[in-house]
Number of protein chains: 4
Amino acid sequence: MFRHRIKTRYQETGQDGIIHHTSYVVYLEEARHELFRKLNCGINALEKKQIFCPVVDLFIKYKKPLYSFEEVFITTGLKSLSKVRFELFYAIYRESEIIGEATTMHCFVNGRFKPIAIPGEIYKAFMQLNAEEAGELLLK
Amino acid sequence: MFRHRIKTRYQETGQDGIIHHTSYVVYLEEARHELFRKLNCGINALEKKQIFCPVVDLFIKYKKPLYSFEEVFITTGLKSLSKVRFELFYAIYRESEIIGEATTMHCFVNGRFKPIAIPGEIYKAFMQLNAEEAGELLLK
Amino acid sequence: MFRHRIKTRYQETGQDGIIHHTSYVVYLEEARHELFRKLNCGINALEKKQIFCPVVDLFIKYKKPLYSFEEVFITTGLKSLSKVRFELFYAIYRESEIIGEATTMHCFVNGRFKPIAIPGEIYKAFMQLNAEEAGELLLK
Amino acid sequence: MFRHRIKTRYQETGQDGIIHHTSYVVYLEEARHELFRKLNCGINALEKKQIFCPVVDLFIKYKKPLYSFEEVFITTGLKSLSKVRFELFYAIYRESEIIGEATTMHCFVNGRFKPIAIPGEIYKAFMQLNAEEAGELLLK
């Protein structure tokens, strides 16, 4: 499972004293982009080729409030994969306490925002990620 | 159905040229707070009484990209209501074209972030909203 | 003087209960872009021609706190103009009370971020704006 | 000189492809709060005592564009100090290249937003910081 550390910012709080719920969406994106980088499929290299990866849908379950200057980590894994879409799942943790869970569905589009197939190198990287995670599970 | 107009900001775009998906979450919140105000249950008056209304979960389906300086409107309605939770549904429109759909589930908590029942005046306002919407549907 | 209305958002507050100081920067940008639009020099039309208008420097003086759901207005005017740079000044008001003052300096760059002269139509629009404002002052 | 590392986020970009100028303000705040923490005067501990530290004014000079996923560092130092105000200066670097420079002026206020003297422990910490920096300079 891919793990990414985040430190919450003062600017991400709201007048109710907790991290605003929009900031979780930013954290998920950061974790996703770090996963992409680890898979050697950095978003900026893709976008230079006029390949974009928008969010198709997004679900977040907020389980506990977060406060400013907290260190949390986000685990990210592949939930499903087809020729044109992939879905990631995420969990946000304060140490071993679960703070939130989420999924995001994505597709790929070209420069005119028309859907295209998942680029070959990304599909391959996801397949390998899946295999590694299946392996991790077998080892447990 | 409650309708709220938004104008997208330059600052809300990303390097891919479209409004970043986090901004939709902000638009939904603005629409929700305007609905609360229309129901005479403004969030600031509630928070002064140490009653807070966090997001329990959030789902957004992104159907079309949005660009900077676009005028869109958001319709908001009540999807479900219990003694402790309520769920709203939203649709975002560019004229008659649907841009996105969403739901948010909410509860109420006190100043120590402990769940409390939906405050009486809000429950009543929601019930009346529901009745009005049922009436609207009957008239169609 | 160009006047633009803003309504502060809940999401723009921080844990200290007031609008976070970064949000003022967003308000100024919105006011500036609305001024550009009024001058028939909308930013999106410029950017389509690969002309960009970055901020060179920014100064803000915060005089009073702002709270969520407040309606404020921003006045914007031209402070200085050369062949390659222009400076705007702003004041943010809650009714007649001044909340903040600011200036922003800007230049124009091409798609490779190299400085270019102020585009002719913008220079002309600014000159005319200046003349109108001088006229306004004479009439006082 | 206090040094703080930042990694720019995709979400902080704008449609012109560079990090939006508001994000620099967030980076400065993060650097400032980390400095406070290093001085044993964390903002959250202060706010629990109903002592707040608003921005009085802010100046930023943007020298070079920043892009997504860049690692930059921010140096922060004390520019001036009185019984009621302090001013910090900042520089943002990509390796040895200077990206931007800034200053922020701050005061302290109580829970009703009335100005108060700089709390004793912070004044002392700043004096010591100044002495250390003077020492650093002497050693050069």
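As a reminder, the structure under discussion sits directly above these lines.
Residues numbered from 1 in each chain as written. Chains lettered and ligands numbered in written order. Predicted model: local features only at pLDDT ≥ 70, side-chain atom pairs only at ≥ 80, totals over all residues. Heavy atoms only, no water.

**Student:** Talk me through the interface of chain C and chain D; I want residue IDs and the actual numbers.
**Tutor:** Every contact between the two is made by 23 residues of chain C and, on the other side, 23 residues of chain D. Of the roughly 2,200 Å² buried at the junction of chain C and chain D (both faces included), carbon and sulfur atoms supply 60%. Taken together, the links from chain C to chain D amount to zero salt bridges. Applying the counting rule to chain C against chain D returns ten residue pairs in polar contact (both at pLDDT 80 or more). Going through the elements one at a time, α1 (21–38), α2 (43–48) and β2 (55–62) of chain C are the ones with two or more residues in the side of chain C that touches chain D. The biggest single contributor to the side of chain C that touches chain D is β2(C), with eight residues. Broken down by class, the residue content of the side of chain C that touches chain D amounts to twelve nonpolar, five polar and six charged. (Contact = heavy atoms within 4.5 Å. Buried area = accessible area lost by both parts, 1.4 Å probe. Salt bridge = Lys/Arg side-chain N within 4 Å of Asp/Glu carboxyl O. Polar contact = N/O pair within 3.5 Å; in protein donor to acceptor, adjacent residues only side chain to side chain. Helix = DSSP H or I, 4+ residues; strand = E, 2+ residues; numbered from the N terminus. Nonpolar A, V, L, I, M, F, W, Y, C, P; charged D, E, K, R; others polar.)

**Student:** An account of the environment of Arg85(C) is needed here, citing residue identities and associated values.
**Tutor:** Residue and element names in this part refer to chain C. Inspection of the secondary structure assignment puts Arg-85 in strand β4 (residues 85–94). With relative accessibility at 35%, the residue Arg-85 sits in the partly exposed group. The spacing of Arg-85 and Ile-116 is 31 residues in sequence and 9.6 Å in space, taken between C-alpha atoms. Those residues within four positions of Arg-85 in sequence are excluded, and the remaining contacts are Val-56, Ser-80, Met-105, His-106, Cys-107 and Ile-118. (Buried < 20%, exposed > 50% of the residue type's maximum accessible area, 1.4 Å probe, protein only.)

**Student:** Explain the packing of α1(C) against helix α1 (residues 21–38) of chain D to me, using residue names and the numbers behind them.
**Tutor:** Where α1(C) meets α1(D), the axes come as close as 9 Å, and the angle between the chain directions of the two elements is 170°. On the basis of their axis angle, the class for α1(C) and α1(D) is roughly antiparallel. Every residue of α1(D) that contacts α1(C) at His21(C), Thr22(C), Val25(C), Val26(C), Glu29(C) and Arg32(C) is listed here: His21(D), Thr22(D), Val25(D), Val26(D), Glu29(D) and Arg32(D). Looking at the contact of α1(C) with α1(D) residue by residue, the classes come out as four nonpolar, four polar and four charged. (Axes fitted to C-alpha atoms, helices over the stretch in contact; angles between N-to-C directions. Parallel < 35°, antiparallel > 145°, perpendicular 65-115°, else oblique.)

**Student:** Any details on the relation of the copies chain A and chain B? Residues and values, ideally.
**Tutor:** Each copy of the sequence occupies a distinct position, and chain A is placed on chain B by a rotation of 180° and an axial shift of 0.0 Å, giving an RMSD of 0.0 Å. Taken together, the rotation angle and the small translation identify this as a two-fold axis. Taking C-alpha positions as reference, the residue of chain A nearest the rotation axis is Phe59(A), located at 2.2 Å. Both copies present the same face, since 100% of the interface residues in chain A are matched by interface residues at the equivalent positions in chain B. (Least-squares fit on C-alpha atoms with pLDDT ≥ 70 in both.)

**Student:** Which residues make up unusual backbone geometry, and what are the values?
**Tutor:** For Gln50(B), which is not glycine, the phi dihedral falls at a positive 60°. Considering the arrangement of structural elements, one finds Gln50(B) in the loop between α2 (43–48) and β2 (55–62).

**Student:** Kindly report on the relation of the copies chain C and chain D, identifying the contributing residues and their values.
**Tutor:** If you rotate chain C by 180° and push it 0.0 Å along the axis, it lands on chain D with an RMSD of 0.0 Å. Of all interface residues in chain C, 100% are interface residues in chain D too; the two copies therefore contact each other through one and the same surface.

**Student:** Quick one: what's the story with the pairing of strand β4 (residues 85–94) of chain D, residue by residue and with numbers?
**Tutor:** All names here are of chain D. Of all ten residues in β4, seven are buried; the element is thus mostly enclosed. By the bridge criterion, eight bridges tie strand β3 (residues 71–81) to β4 in an arrangement that is antiparallel. When the bridges of β4 are listed, Phe-73 appears paired with Tyr-93. Between β3 and the antiparallel strand that follows it, β4, lie three residues. Of the strand pairs in this sheet, β4 and strand β5 (residues 97–109) are connected by ten bridges, and their pairing is antiparallel. Following the sheet pairing, Tyr-90 is matched in β5 by Ala-102. The loop that links β4 with its antiparallel partner β5 comprises two residues; one of these, Glu-95, has a positive phi angle of about 50°. (Pairing = 2+ DSSP bridges.)

**Student:** Could you give an account of the pattern of salt bridges, naming the residues involved and the relevant values?
**Tutor:** If you walk through the whole model with that rule in mind, you get 36 salt bridges over all chains. Residue Arg9(A) pairs with Glu30(D) through a salt bridge whose shortest N-O separation is 2.5 Å. Of this pair, Arg9(A) sits in the loop between β1 (2–7) and α1 (21–38) while Glu30(D) sits in helix α1, placing the two residues on different chains. It is possible to trace a salt-bridge network through shared partners that takes in Lys7(A), Glu34(D) and Arg37(D).

**Student:** Any details on the packing of aromatic side chains? Residues and values, ideally.
**Tutor:** Across all of its chains, the model carries 32 aromatic pairs over all chains by this definition. When the ring of Phe36(A) is compared with that of Phe86(A), the centres are 5.9 Å apart and the planes differ by 45°; the resulting orientation is tilted. Of this pair, Phe36(A) sits in helix α1 while Phe86(A) sits in strand β4 (residues 85–94); the two residues are 50 residues apart in sequence, bridging distant segments of the chain. Phe86(A) shares its class with Phe36(A); the two are buried. Ring centres of Phe86(B) and Phe126(B) lie 4.7 Å apart, and the angle between their planes is 40°; this geometry places the pair in the tilted category. (Phe/Tyr/Trp six-rings, centres within 6.5 Å; stacked < 30°, edge-to-face > 60°.)

**Student:** Tell me about the interface of chain A and chain B, and name the residues and values.
**Tutor:** Taken together, the contact between chain A and chain B spans 23 residues of the former and 23 residues of the latter. Both faces combined, the contact of chain A with chain B buries some 2,200 Å², and carbon together with sulfur accounts for 60% of it. Its largest share of buried area at the contact with chain B, chain A owes to His21(A), Leu58(A) and Phe113(A), together 22% of the area lost on that side. Counting across the interface, chain A meets chain B through zero salt bridges. Where chain A touches chain B, the interface holds ten residue pairs in polar contact (both at pLDDT 80 or more). Top contributing element to the side of chain A that touches chain B by residue count: strand β2 (residues 55–62) of chain A, with eight residues. Residue classes in the side of chain A that touches chain B are distributed as twelve nonpolar, five polar and six charged. In this structure, β2(A) lies alongside β2(B), joined through five bridges in antiparallel fashion.

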